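# Descriptive structure summary
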Amino acid sequence: VFYAPFMSRRVYRGYMDYFGDVRRGMIDGIFHVGFKPKDGIAVMLDVHSFMFANDDAYLDNNGQTVEYTQLGQEFDLRTIIPVNENAKLDGGVSAFMPTDDWVMDGDMALFFYLAAVVTF
């Protein structure tokens, strides 16, 4: 178990921080690809597949036990554009799609951000 209660989990659990401290053996299968089309511009895509190492379960509305291991998938698209040597724009869009076993009829969650990053 990797326990990190006070630091960002974005490196290994997606940009949406959808999951808190999960001590049940969460697995985050990550596919990362990126490219730099022009000077300093970077475009990156992360695809996460979240699952538990062991089955988890809950009771549905009918009192039936539902066992699952798959939680869902997250897609993170990020772009970094330099403005000058001390500033850059960092923007992204993320989408999380839960599995029906984990969240019955769950809707897709979306997250957008745009940040100006200045260093000196």
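If you're wondering where the values come from, they're calculated on a predicted model, not measured in any experiment. (Residues numbered from 1 in each chain as written. Predicted model: local features only at pLDDT ≥ 70, side-chain atom pairs only at ≥ 80, totals over all residues. Heavy atoms only, no water.)

### As for the overall build of the protein
- Secondary structure assignment for the protein yields one helix and five strands.
- For the protein, the N- to C-terminal ordering of α and β elements is α-β-β-β-β-β.
- Classification of the 120 residues of the protein by burial places 29% in the buried group.
- For the protein, the proportion of contacts with a sequence separation of at least 24, taken over those separated by at least 6, is 45%. (Helix = DSSP H or I, 4+ residues; strand = E, 2+ residues; numbered from the N terminus. Buried < 20%, exposed > 50% of the residue type's maximum accessible area, 1.4 Å probe, protein only. Contact = heavy atoms within 4.5 Å.)

### A few points about the nonpolar core
- One finds M26, F50, F52, Y68, L71 and F96 forming the largest nonpolar core, which totals six residues.
- Broken down by secondary-structure element, the contributors of at least two residues to this core are β2 (42–59) and β3 (65–84). (Core = buried A, V, L, I, M, F, W, Y, C linked by side-chain atoms within 4.5 Å.)

### A short note on the sheet that holds β3
- Taken together, the five strands give an open sheet; going across it, the order is β1-β2-β3-β4-β5, and neighbouring strands pair in antiparallel fashion. The outermost strands of the open sheet, each flanked by one partner alone, are β1 (26–35) and β5 (109–118). Across the sheet, the mean angle from the axis of one strand to that of its neighbour is 15 degrees, orientation sign disregarded.
- With 10 bridges joining them, strand β4 (residues 87–98) and β5 adopt antiparallel strand pairing. Bridging across to β5, G92 finds its partner in Y113. (Pairing = 2+ DSSP bridges. Axes fitted to C-alpha atoms, helices over the stretch in contact; angles between N-to-C directions.)

### Describing the packing of aromatic side chains
- Under the definition given, this model contains two aromatic pairs.
- Ring centres of F50 and F96 lie 6.2 Å apart, and the angle between their planes is 50 degrees; this geometry places the pair in the tilted category. Of this pair, F50 sits in strand β2 while F96 sits in strand β4, placing them 46 residues apart in sequence. As far as the burial class goes, F50 and F96 line up, both buried. (Phe/Tyr/Trp six-rings, centres within 6.5 Å; stacked < 30°, edge-to-face > 60°.)

### What about the pattern of salt bridges?
- Scanning the model with the defined rule gives one salt bridge in all.
- Ionic pairing is found between D90 and R78, a salt bridge with its closest N-O pair at 2.6 Å. Highlighted residues: D90 in strand β4 and R78 in strand β3, separated in sequence by 12 residues.
- For D90, a relative accessible area of 9% corresponds to the buried category. (Salt bridge = Lys/Arg side-chain N within 4 Å of Asp/Glu carboxyl O.)

### Observations concerning the pairing of β2
- Sheet topology note: the β1/β2 ladder contains 10 bridges and is antiparallel. Bridge pairing in β2 places G34 opposite M44.
- Hairpin connection between β1 and β2: a loop of six residues separates the two successive antiparallel strands, and G40 in this loop has a positive phi of roughly 80 degrees.
- Note that β2 and β3 share 14 bridges and pair antiparallel. Each bridged residue has a counterpart across the sheet, and for V43 the counterpart in β3 is T79.
- Between β2 and β3, which pair antiparallel and follow one another directly, the connecting turn spans five residues, one of which, G63, has a positive phi of 80 degrees.

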